[in-house]
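Here is how the chains run, residue by residue.
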Amino acid sequence: MEGEERQDPFKTPDSNEPAATVGVPSRASNVPTTAPMTRLASRVIAEFQTNAEHRRLSGVDTMLEYAAQASKLRYSPKQKEVLASCGIDPRNYRPLTLMKMRTARALLTDIVKASGDKPYVLSPTPKPDIPKSAEREIMQTIAQEIVRFFEQAGGPLQNEQQVTAFYITVIQRVSKMYDEVRRREDEWAKERCARMDRKIHDQLVEGGFIDEFNKVIGYVVTYGTGVMVGPCPRVVATQAVKEEKTSAGYVPKYVREYAVKPIYEAVSPWDCYPAPNARSIQDGTFCIKVRYTPNVLHQYAEAMEGKKDAPDGWQVQTVRALLSQYPNGGVRLEADAYDLVRRDIERNSPSGDKDCTLEGIRCFGSFRGSDLISCGITKTPDGDKVIYNRYYKTETIVIAGFVVFCRVIDDRMILPVAKATLYESPDCWWGDSLADILYSAQSMQNNALKNIIVNGAVSSNGMFVCTDVNNAVSLDGTPALAIRAGKMFGFKRGPGNVNGTAPISVLQVPDTTANQFAMLEKAAKLAEDDSGIREYSIGSQDVSGAGRTASGYAMMSESALRVTNMTICDLSRNMIIPVVKNTHVYNLLYDNDTSIKGDVEVNPSGLMGKILREAESQRRQQVTAMLGQHPVYSKAIPVEGFFELIRPELENLGVNVDKIIPSKDRMEMYQMILDAAQAAAAQQAQTQAQVQGAGAEPTPEQANVARVEGQPEQVAVEQGAPAAGTVAERRGAA
């Protein structure tokens, strides 16, 4: 690999000459790190060329090209030539695949970005590992309780029965102490887990994970594969609050500071180059095509100025050397011919105009210490010395032969890259795209559309056949073969018309557009079967039978979302969990806050739970309606039971449930009021029954009691009697 001569992929629009090659020095102290084509740069370029060649030969470039064309409603250049020869505008393209892409993206976005939950859940492991200091603190507390227990036991034991009873008590006490130790360990782990959850959530928000994850969803539904890079520590500009002393006191002031933050980036499949025979994104060397403007590179170099111990890998002097040679950009990484195809699809100047960016290679892989030493990397982030023949996981960026970035990744972290697919293919790095799956249905619709255009033109406009062109005469002065309404022809009998047959006849083409429209509908149904994405999953009313009922439509929609659930499972397992786990390990290694560090596992229930809760919500609503309408259940179930059924529905709406559903104390107060009202109603009914049985009118006092419904104090006050509990009332009672 190293001895083979390879063409330099870095080219400028003005010159095709490769960058100059500098000999590799023998000692790391003499490394000219600002020179291009060091040993590490040569290895990275060689790996990239190998991966690019493998991607082209494996047919992935063709797959990406077709998916991009289907998403842009564009034909290939050869298809455009065929359409032009038939007189058909190439803009006539049925958006079948594009609509399925948009439907899939809408379904995924609706589930992933639903309000109320994060796409992950942190929880302590079943048996968390806690530090020795915390364990000693817990054991000291338990030991003090045991000492107090023995002190309370009293003097020496007098007989065997007391010994047996004390022995049993000790065993029970020790068992409780063991449970208490486990409980306190769980509490310790839960506290740190909650702090870590808050820390990771803040890092994901500030690092742009949410927006980049939305881009990944777009790549997944368009190309079948999406890649996320992160967490990667970068020196970025942040807003810091400082207090400034003024005459009125200290006033907060926001200033710009540079700080190391983990960031997250979505990567287009066009820019991904996995290693040959790679099954996972962690296998082999993974290369990414990157683009930077000179201004961005200058900001990185400026931010790293004087930061020798910062956990970042930007080579300040090398960046400056690169910018001095290419101050306005113009470095293009020519991988293969498909790069021009992509630029044409993206309308990104496939000609030789100068670009405003500097294209380079971002490489994640393992390289030997000798390659790192040749570039001046002599220590790991932990401060250990780089060993010559040992392999190190690294992240390297090479632009125009310059190693502008290089950092060693800690062995306790996996490579900060994750991949998700729309339709996972076993033992394959790339996923199947919607464009490939719908190729047959899309071709059927495009052909049917072309046939409708052609057949509609020739069947609606009659075609004429003239068997005696030489003897045709126009009687109105217009050209003889100019067809128009009301035109009259004259013909001379000639050799071609000896039998007196009609010299002009009409050729009528049958109308087959009805069959072609039926073909369009058949292709649409075929696309639903092939992709698993139904039209009614986005609210289409083209349903019949049980689908027109609420329960039937809900069952059909739930069934239609099964393919989407499969994709969400893949996003959770292969992207969200690895990214969050890597962020957790990053905090364990580089964050100085010890209060957030604990034994944590990442669960995808935050994402999958949304799907499960939607089904539970439908069943809960059905149960609530059934219980509320049943004549027996509605009276037997207390109000608290109905509130418990309603609470989850209100929580899914993102409202403050405590302000809607009363607390337990208020519920008890309402229950007392309800009981009093029921007792008053019963008393009223009893009074009326007694009056009706006696056959006399109710007295004013009885009517007053019935009117106020169980409030004797108010009745007494209204009648002028002393209020209950007063001195006058007690005198009257005496």
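Look up a bit, the structure's there.
Okay, so let's go over this structure. All of these numbers come straight from a predicted model, not from anything done at the bench.

### Thoughts on the sheet that holds strand β6 (residues 286-292)
Taken together, the five strands give an open sheet; going across it, the order is β5-β6-β8-β9-β10, and neighbouring strands pair in antiparallel fashion. Strands at the two margins of the open sheet, each flanked by one partner only, are β5 (272-273) and β10 (402-408). Pairing geometry for strand β8 (residues 358-368) and strand β9 (residues 391-399), over eight bridges, is antiparallel. Looking across to β9, one finds that S366 is bridged to K393. The strands touched by helix α1 (residues 39-57) are β5, β6, β8, β9 and β10; relative to β8, the strand with the most contacts, the crossing angle is about 100 degrees. Where helix α8 (residues 294-303) meets the sheet, its contacts fall on β6, β8 and β9, and the angle it forms with β6 comes to roughly 105 degrees.

### Some thoughts on the pattern of salt bridges
Going through the model one piece at a time under the given rule, you end up with 18 salt bridges. We note a salt bridge from D89 to R91, for which the minimum N-O separation is 2.7 Å. Residue classification places R91 among the exposed positions, given a relative accessible area of 71%. Its salt-bridge partner being K261, residue E206 comes within 3.5 Å of it at the nearest N-O pair. Of the two residues, E206 sits in helix α6 (residues 160-206) while K261 sits in strand β4 (residues 249-267), which places them 55 residues apart along the sequence. The network of salt bridges with common partners includes R234, E265, R362, E395 and R407.

### Focus on the environment of A240
Mapped onto the fold, A240 is located in strand β3 (residues 225-246). Classification of A240 by relative accessible area gives buried; the value is 15%. Residues A240 and Y258, spaced 18 residues apart in sequence, show a C-alpha to C-alpha distance of 9.2 Å. Beyond its immediate chain neighbours, meaning those up to four positions away, A240 contacts K253, Y254, V255 and E257.

### A look at helix α9 (residues 316-325)
What α9 keeps buried is the set V316, T318, V319, A321, L322 and L323. Turning to α9, the residues buried within the fold contact α8, β8, β9 and β10.

### Here's the deal with the sheet that holds strand β11 (residues 417-421)
Spatially, β4-β3-β11 is the arrangement adopted by the three strands of the open sheet, whose pairing is antiparallel. The open sheet terminates on both sides in strands that have one partner only, identified here as β4 and β11. Each strand axis lies, on average, 30 degrees off the axis of its neighbour in the sheet, ignoring direction. Alignment of β3 against β4, held across 18 bridges, turns out to be antiparallel. In the sheet register, K245 faces β4, and the bridge partner there is Y250. Helix-sheet contacts for helix α7 (residues 209-223) involve β3, β4 and β11, and the interaxial angle to β3 is about 160 degrees.

Cut-offs applied
- As a convention, each chain's residues are numbered from 1 in the sequence order in which they are written.
- Thresholds applied to this predicted model are a pLDDT of at least 70 for local features of residues and 80 or more for the giving and counting of side-chain atom pairs; totals over whole chains, interfaces and linings are not thresholded and use all residues.
- Side-chain numbers come from the whole structure's heavy atoms, not from hydrogens or water.
- A strand pair is defined by DSSP finding two or more bridges across the two strands.
- Only DSSP runs of H or I with at least four residues qualify as helices, and only runs of E with at least two residues qualify as strands; both kinds are numbered from the N terminus onward.
- Residues count as neighbours in contact if any of their non-hydrogen atoms are within 4.5 Å of one another.
- Here, axes are lines fitted to C-alpha atoms. For helices the fit covers the stretch in contact, and angles between N-to-C directions go from 0 to 180 degrees.
- The rule for a salt bridge is simple: a side-chain nitrogen of Lys or Arg has to be within 4 Å of a carboxyl oxygen of Asp or Glu.
- Here the term buried applies to any residue with accessible area under 20% of the maximum for its type, exposed to any over 50%, and partly exposed to those in between, with areas from a 1.4 Å probe on protein chains only.

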